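Examining the three-dimensional arrangement
Each chain, written out:
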Amino acid sequence: MAFGHFSDDEVHESADINVTPLVDVMLVLLIVFMITMPVLTHSIPLTLPTTANPQQKAEPKAPLRLSIGADGEYKLGDKSLTLTQLQNNLHSEVQANPDVVLAIAADKHVAYDQVAQVLAAARDAGLVKVGFVTEDK
């Protein structure tokens, strides 16, 4: 490394690069990555389902469509039902086909309590596949 000397008769400039700011930035980045890396690699333990034979796929059965009107009326398909009748029907559907899917189409003005009662009835009947029907704008 060449250092310039200060003399009155001759001026020499040093062509060396000052690497101190570069080293400071690199150390800060290193510390930041060391702190954030455990956060990025945090995982949630999941037990994912497996299939015995992925080539065989059965035709999915059409889902049960449950409509909840603005007045609180429950309709399973075309039949109007009370909550107790609905739970009995859901239980019999699960007994016939454990993979049955329930599609709930609730009016946007219906109280959430009625939707929660349907979800509780579906859970009590043993339904595990429940979906909500929405409309595009």
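Computed from a prediction, not measured in an experiment: that's the story for all the values here.

With respect to helix α2 (residues 83-96)
Its 14 residues give α2 an end-to-end C-alpha distance of 20 Å, which sits within 8% of 20 Å, the value for a rise of 1.5 Å per residue. Of all the positions in α2, only Leu86, Leu90 and Val94 are classed as buried. Viewed end-on, α2 has its buried residues packed into an arc of 70 degrees, placing them on one side of the element. Those residues of α2 that are exposed and aimed more than 90 degrees away from the buried face are Thr84, Gln95 and Ala96. Where α2 is buried, its residues contact β1 (64-68), β2 (74-76), β3 (79-81), β4 (101-106) and α3 (112-125).

Observations concerning the sheet that holds β3
Read from one edge to the other, the open sheet built from five strands follows the order β3-β2-β1-β4-β5, with strand pairing classed as mixed. Whereas interior strands pair on both sides, the edge strands pair on one side only; in this sheet they are β3 and β5 (129-132). In this sheet, neighbouring strand axes are inclined to one another by 25 degrees on average, regardless of whether the strands run parallel or antiparallel. Strand direction decides the pairing type here: β4 and β5, joined by four bridges, are parallel. When the sheet's bridge partners are listed, Val101 is paired in β5 with Lys129. The strands that α2 touches are β1, β2, β3 and β4; relative to β3, the one it contacts most, it runs at about 120 degrees.

Regarding the environment of Leu102
Topologically, Leu102 is positioned in strand β4. Judged by relative accessible area, Leu102 falls into the buried class, the value being 0%. In this structure the C-alpha to C-alpha distance between Leu102 and Val130, which are 28 residues apart in sequence, comes to 4.8 Å. Those residues within four positions of Leu102 in sequence are excluded, and the remaining contacts are Leu64, Leu66, Leu76, Leu90, Ala122, Leu127, Lys129, Val130 and Gly131.

Let's talk about the pairing of β1
By the alternation rule, side chains of β1 split into Leu64, Leu66 and Ile68, which are all buried, and Arg65 and Ser67, of which none is buried. Sheet analysis places β1 next to β4, joined by five bridges and oriented parallel. Counterpart to Leu66 in the pairing with β4 is Ile104. Taken together, the three bridges between β1 and β2 define a ladder with antiparallel strand orientation. Paired with Ile68 across the strands is Tyr74, a residue of β2. Between β1 and β2, which pair antiparallel and follow one another directly, the connecting turn spans five residues, one of which, Gly72, has a positive phi of 90 degrees.

Structural notes on the environment of Asn18
Tracing the backbone shows Asn18 in the segment before α1 (20-40). Separated by 3.2 Å, the side chains of Asn18 and Thr20 make a polar contact.

Quick notes on the rules
- Residues numbered from 1 in each chain as written.
- Predicted model: local features only at pLDDT ≥ 70, side-chain atom pairs only at ≥ 80, totals over all residues.
- Heavy atoms only, no water.
- Helix = DSSP H or I, 4+ residues; strand = E, 2+ residues; numbered from the N terminus.
- Expected span 1.5 Å × (residues − 1).
- Buried < 20%, exposed > 50% of the residue type's maximum accessible area, 1.4 Å probe, protein only.
- Arc of directions from axis to C-beta.
- Contact = heavy atoms within 4.5 Å.
- Pairing = 2+ DSSP bridges.
- Axes fitted to C-alpha atoms, helices over the stretch in contact; angles between N-to-C directions.
- Polar contact = N/O pair within 3.5 Å; in protein donor to acceptor, adjacent residues only side chain to side chain.

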